[in-house]
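Each chain, written out:
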Amino acid sequence: MFTAQAAERQQPKLGYRLTALSKPIPAPDFTLEDMDATKFSLQDYRGKVILLNFWATWCPPCRREMPSMERLHQNFKDKEFIVLAINQMEDGDHVFAYTGQLEIDPTFTILFDKDSTVSRAYRVQGLPTTYLIDKKGNIRFRAIGGREFDHPEVEKLILQLMQE
Amino acid sequence: MQASKNILISALCSLAVLSSSHAADVSIHKNKESGLLTWTSKDDGFSIELIQLIPDFIRAIYNKHDFPVDEVERIAGYCLFGTIIQNTSQQQLSYRVSDWRYVDKKGRSYPVKTKTQWLEEWRKAGVTFSWTLLPDSGDFEIGDWQQGFTTVQLDRNEHFDFIYTWTLDGIRHEGKIEDMSCAPASLSTNPSKQ
């Protein structure tokens, strides 16, 4: 977001720590479209652990964490786990061009929250913000700011939630 | 009379316990290509980085999001700083932009305009876009960080001190970055002269 001069600067190192919510919160349901206008609802994934990520192309830490989300997706793609990356207020053409420039082309599901309705429902204040949702549809962990999502500690949390 | 004095002393003692002001560890980085400055301050579990942004960059950002031309120019008339804040402590930390301020060289203090205040003005201008600005407040857990624009409404040539606060373990901390300045109206062809 802050141009090349900011990109050049050393941004905060991406951590791996996700914060456990003191009390699980039911994840608000939503229905959004992907790039091909296919509709996806959160409730379709009940029974899976979900990494729900709010992002935009103009957000540098979103770009930085995206490769780790793809690696995580690859590591768990045959398991009861899914990555849903919800773009904020941008269109498919723009996002398609953007993802083509990333070091790893994302194959996880990207959805479009064109009026930020879903991010408001999740009380997202800034990007990126990420939630880890358990198989019963409850938000269990949260991260504000970029993370390395394929860090062993994050994968351990996901495995724990999958085993519940 | 004595009772009032005791209450006053007690209140002052409480304030001393509940607030803390330290000289921040501030570093300044000058971009070799653009000449633009970045201030980084690290102190007591909280770090803040303020990056000068030129008006043309601001115009590009908001034009891209279909803001009305007048609104784009109004925003570009402010001094904007890319701002990165981070919880570097090992406990929960909170901040409120409404507690932040800047002080010009004549000693006049101004509150930092909040995202909520901006969004209200944007709504009146028919804008629904709600991102890019630093969120008004936040409760940061360990490792959380956030970024967004901070706006300062001073003449582009003025220098000022930026005062920011955060709360850690119930104690309100205050930091100050002295002698900051806005980005120039445009980039010089010779950054070393900026």
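Residues numbered from 1 in each chain as written. Chains lettered and ligands numbered in written order. Predicted model: local features only at pLDDT ≥ 70, side-chain atom pairs only at ≥ 80, totals over all residues.

**Notes on the overall build of chain A**
- Summing up its helical and strand segments, chain A has five helices and eight strands in all.
- Reading chain A from its N terminus to its C terminus gives the helix and strand order α-β-β-β-β-α-β-α-β-α-β-β-α.
- A globule of 164 residues ought to have a C-alpha radius of gyration of about 15 Å, and chain A, at 15 Å, matches this closely.
- Projecting the C-alpha coordinates of chain A onto the three principal axes gives extents of approximately 45 × 35 × 30 Å. (Helix = DSSP H or I, 4+ residues; strand = E, 2+ residues; numbered from the N terminus. Rg over C-alpha atoms; globule rule 2.2 N^0.38 Å.)

**Quick notes on unusual backbone geometry**
- Note the cis peptide between Leu127(A) and Pro128(A), where omega equals -5 degrees.
- Take Pro128(A): it is sitting in the loop between helix H4 (117-121) and strand E7 (129-133).
- Of note, the phi angle at Asp66(B) is positive, near 60 degrees, even though the residue is not glycine.
- Considering the arrangement of structural elements, one finds Asp66(B) in the loop between helix H2 (55-64) and helix H3 (69-76).

**What about the sheet that holds strand E3 (residues 37-43) of chain B?**
All names here are of chain B.
- Across the sheet, five strands lie side by side as E2-E3-E4-E5-E10; this open sheet has antiparallel pairing. Two strands close off the open sheet at either side, each with one partner strand: strand E2 (25-30) and strand E10 (145-152). The sheet shows a mean angle of 20 degrees between the axes of neighbouring strands, taken without regard to direction.
- Alignment of E2 against E3, held across six bridges, turns out to be antiparallel. Bridging from a neighbouring strand, Asp25 pairs with Lys42 of E3. (Pairing = 2+ DSSP bridges. Axes fitted to C-alpha atoms, helices over the stretch in contact; angles between N-to-C directions.)

**With respect to the environment of Glu121(B)**
Residues and elements named next belong to chain B.
- In this fold, Glu121 is placed in helix H4 (residues 115-124).
- Using a count of 13 C-beta atoms within 10 Å as the deciding quantity, one classes Glu121 as partly exposed.
- Distance in space between the C-alpha atoms of Glu121 and Thr88 is 33 Å, their sequence separation being 33 residues. (Buried ≥ 20, exposed ≤ 12 C-beta atoms within 10 Å, placed from the backbone.)

**Some remarks on the nonpolar core**
- Counting residues in each nonpolar core, the largest one holds 79 residues, and the members touching the most others are Ile86(A), Leu53(B) and Ile58(B).
- Filtering out sequence-adjacent residues up to four positions away, Ile58(B) remains in contact with Leu53(B), Ile75(B), Ala76(B) and Leu80(B). (Core = buried A, V, L, I, M, F, W, Y, C linked by C-beta atoms within 7 Å. Contact = placed C-beta atoms within 7 Å.)

**Brief notes about the interface of chain A and chain B**
- Each side of the interface is counted separately: chain A has 24 residues, and chain B has 27 residues.
- Elements that contribute at least two residues to the side of chain A that touches chain B include exactly helix H1 (3-8) and strand E8 (138-144) of chain A.
- Per-element tally for the side of chain A that touches chain B: the top contributor is H1(A), with four residues.
- Partitioning the side of chain A that touches chain B into residue classes produces ten nonpolar, ten polar and four charged. (Nonpolar A, V, L, I, M, F, W, Y, C, P; charged D, E, K, R; others polar.)

**Here's the deal with the pairing of strand E9 (residues 137-140) of chain B**
Residues and elements named next belong to chain B.
- Burial of E9 is one-sided: the residues Gly138 and Phe140 facing one way are buried, the residues Ser137 and Asp139 facing the other way are not.
- When strand E6 (residues 93-96) meets E9, the two strands line up antiparallel, connected through four bridges. The residue bridging Leu93 from the neighbouring strand is Phe140, located in E9.

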